[in-house]
Amino acid sequence: MATWSNFNLQNSASPLMEQIIFFHDHTLIILIMITILVSYLMINLFFNNYINRFLLEGQMIELIWTIIPTITLIFIALPSLRLLYLLDELNNPLITLKSIGHQWYWSYEYSDFNNVEFDSYMIQYNKSTPDNFRLLDVDNRIILPMNNQIRIMVTAADVIHSWTVPSLGVKIDANPGRLNQTNLFINRPGIFFGQCSEICGANHSFMPILIESVSIKNFINWINNYS
């Protein structure tokens, strides 16, 4: 989860989030190089007086400053397209989780099991304990097995919401009348927090998402106890 005074991205808990962080660093290096080059040229212009009475055109320099940005954009676009297709790739999911956005809570259904569905409300501040995170903890957590491909089906019952878990690299809109799909692969156990990040109303930030990643054995035990 995000902590105070942290300027970095959250630690990744999925291969997709690792790729997103790599792409972020790759693009940031290119932007820093461009910023340094442009700053150097502008400082040079302030302290030098370039005058050429006979200069009418500069086709070569115009060719250069057209080609170099094009090559730079290609170096950004190719990894971006690769990542875009990786985010949509879904290969033999083990479990399907359906998430339905309401004002102001989420409902979850495990479509592969009978009678496994529940609402997930934020724990009120006056009812929380020292073990709870304020405005992030919920009464019913999402339990998912790690090291398995998971399909997430997202929709909404009233207005547009957004199912977002930063440490897993997931952000997908929940639209009324539409079923969106994304995938998860959690590579370590833990508790991962998210929130609704859409402008669905005054209280959209009070719709926390809490995923608890466990081993497949513990997940099966949870399913058996729930049923």
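Residues numbered from 1 in each chain as written. Predicted model: local features only at pLDDT ≥ 70, side-chain atom pairs only at ≥ 80, totals over all residues. Heavy atoms only, no water.

J.: Got a minute to help me understand the pattern of salt bridges in this structure?
T.: A side chain with one charge may pair with a side chain of the opposite charge, provided their charged atoms come close. This model, assessed by the stated rule, comprises 2 salt bridges. Of the charged contacts in the structure, one is a salt bridge between Asp137 and Arg141, with a shortest N-O distance of 3.7 Å. With a shortest N-O distance of 3.3 Å, Arg141 and Glu212 are connected by a salt bridge. Of this pair, Arg141 sits in the loop between β3 (117-120) and β4 (142-145) while Glu212 sits in strand β10 (residues 208-214); the two residues are 71 residues apart in sequence, bridging distant segments of the chain. Its relative accessible area of 23% is what places Glu212 among the partly exposed residues. (Salt bridge = Lys/Arg side-chain N within 4 Å of Asp/Glu carboxyl O. Helix = DSSP H or I, 4+ residues; strand = E, 2+ residues; numbered from the N terminus. Buried < 20%, exposed > 50% of the residue type's maximum accessible area, 1.4 Å probe, protein only.)

J.: Teacher, can you tell me more about the packing of aromatic side chains here?
T.: Using the criterion set out here, one finds 9 aromatic pairs in the structure. Ring plane angle 20° and centroid distance 4.4 Å describe the contact between Tyr105 and Tyr121, whose orientation is recorded as stacked. Within this pair, whereas Tyr105 is found in strand β2 (residues 105-110), its partner Tyr121 is found in the loop between β3 and β4, the two being separated by 16 residues in sequence. You can call Tyr105 buried: its relative accessible area is 17%. Measuring from ring centre to ring centre gives 6.3 Å for Tyr110 and Phe219, while their planes differ by 45°; the resulting arrangement is tilted. Taken together, the residues span a long stretch of sequence, with Tyr110 in strand β2 and Phe219 in helix α3 (residues 216-226) at a distance of 109 residues. You'll find Tyr110 and Phe219 in the same group, each marked buried. One aromatic cluster is present, formed by Tyr108, Tyr110, Phe113, Phe118, Phe219 and Trp222 through successive ring pairs. (Phe/Tyr/Trp six-rings, centres within 6.5 Å; stacked < 30°, edge-to-face > 60°.)

J.: Looking at this structure, how should I read the sheet that holds β10?
T.: By way of backbone hydrogen bonds, the strands of a sheet pair with one another, either parallel or antiparallel. Ordered by their spatial adjacency, 5 strands build an open sheet running β4-β10-β9-β6-β7, and the pairing between neighbours is mixed. Edge positions in the sheet fall to β4 and β7 (170-174), since each of these pairs with one other strand and no more. Within this sheet the neighbouring strands show an average axis-to-axis angle of 25°, counted without direction. Here 2 bridges tie strand β6 (residues 161-165) to strand β9 (residues 190-196), and the two strands are oriented antiparallel to one another. (Pairing = 2+ DSSP bridges. Axes fitted to C-alpha atoms, helices over the stretch in contact; angles between N-to-C directions.)

J.: What should I look at first to understand the environment of Phe75 in this one?
T.: Mapped onto the elements of the fold, Phe75 is located in helix α2 (residues 59-88). When the C-alpha atoms of Phe75 and Phe206 are compared, they prove to be 39 Å apart, with 131 residues separating the residues in sequence. Apart from the residues lying within four places of it in its own chain, the contact partners of Phe75 are His26 and Ile30. (Contact = heavy atoms within 4.5 Å.)

J.: Looking at this structure, I do not really get the domain arrangement of the chain. What am I missing?
T.: Interface size is often expressed as the accessible area that is lost when the parts come together. For the chain, the domain assignment lists domain 1 (15-88) and domain 2 (95-225). The C-alpha centroid of domain 2 is placed 39 Å from the C-alpha centroid of domain 1. Summed over both partners, the interface of domain 1 with domain 2 comes to about 510 Å²; 48% of that surface belongs to carbon and sulfur atoms. When the buried area of domain 1 at its contact with domain 2 is split by residue, Pro15, Leu16 and Met17 rank highest and sum to 68% of it. Summed over the shared surface of domain 1 and domain 2, the number is 0 salt bridges. The set of elements that each furnish at least two residues to the side of domain 1 that touches domain 2 consists of α1 (15-47) and α2. Among the elements that make up the side of domain 1 that touches domain 2, the one with the highest residue count is α1 (5 residues). For the side of domain 1 that touches domain 2, the per-class residue count stands at 5 nonpolar, no polar and 2 charged. (Domains from an automatic or database assignment. Buried area = accessible area lost by both parts, 1.4 Å probe. Nonpolar A, V, L, I, M, F, W, Y, C, P; charged D, E, K, R; others polar.)

J.: I would appreciate a short explanation of the confidence of the model for the chain in the present structure.
T.: Caution applies to low-pLDDT regions: their predicted coordinates should not be interpreted in detail. Looking at the chain as a whole, the pLDDT averages 89, with 98% of positions reaching at least 70. When mean pLDDT is compared element by element in the chain, β4 scores highest at 94, while α3 scores lowest at 89. (pLDDT = per-residue confidence, 0-100.)

J.: Just checking my understanding: could you explain the nonpolar core for this structure?
T.: Note that soluble globular proteins tend to have their nonpolar side chains buried in a common cluster. The biggest cluster of nonpolar side chains holds 32 residues, and the ones touching the most others in it are Tyr110, Ile142, Leu144, Trp163, Leu168 and Ile211. Per-element accounting of this core gives the leading share, 4 residues, to strand β5 (residues 149-156). Beyond its immediate sequence surroundings of up to four residues, Leu144 is in contact with Leu97, Tyr110, Ile150, Leu184, Ile186, Ile211, Glu212, Ser213, Val214 and Phe219. (Core = buried A, V, L, I, M, F, W, Y, C linked by side-chain atoms within 4.5 Å.)

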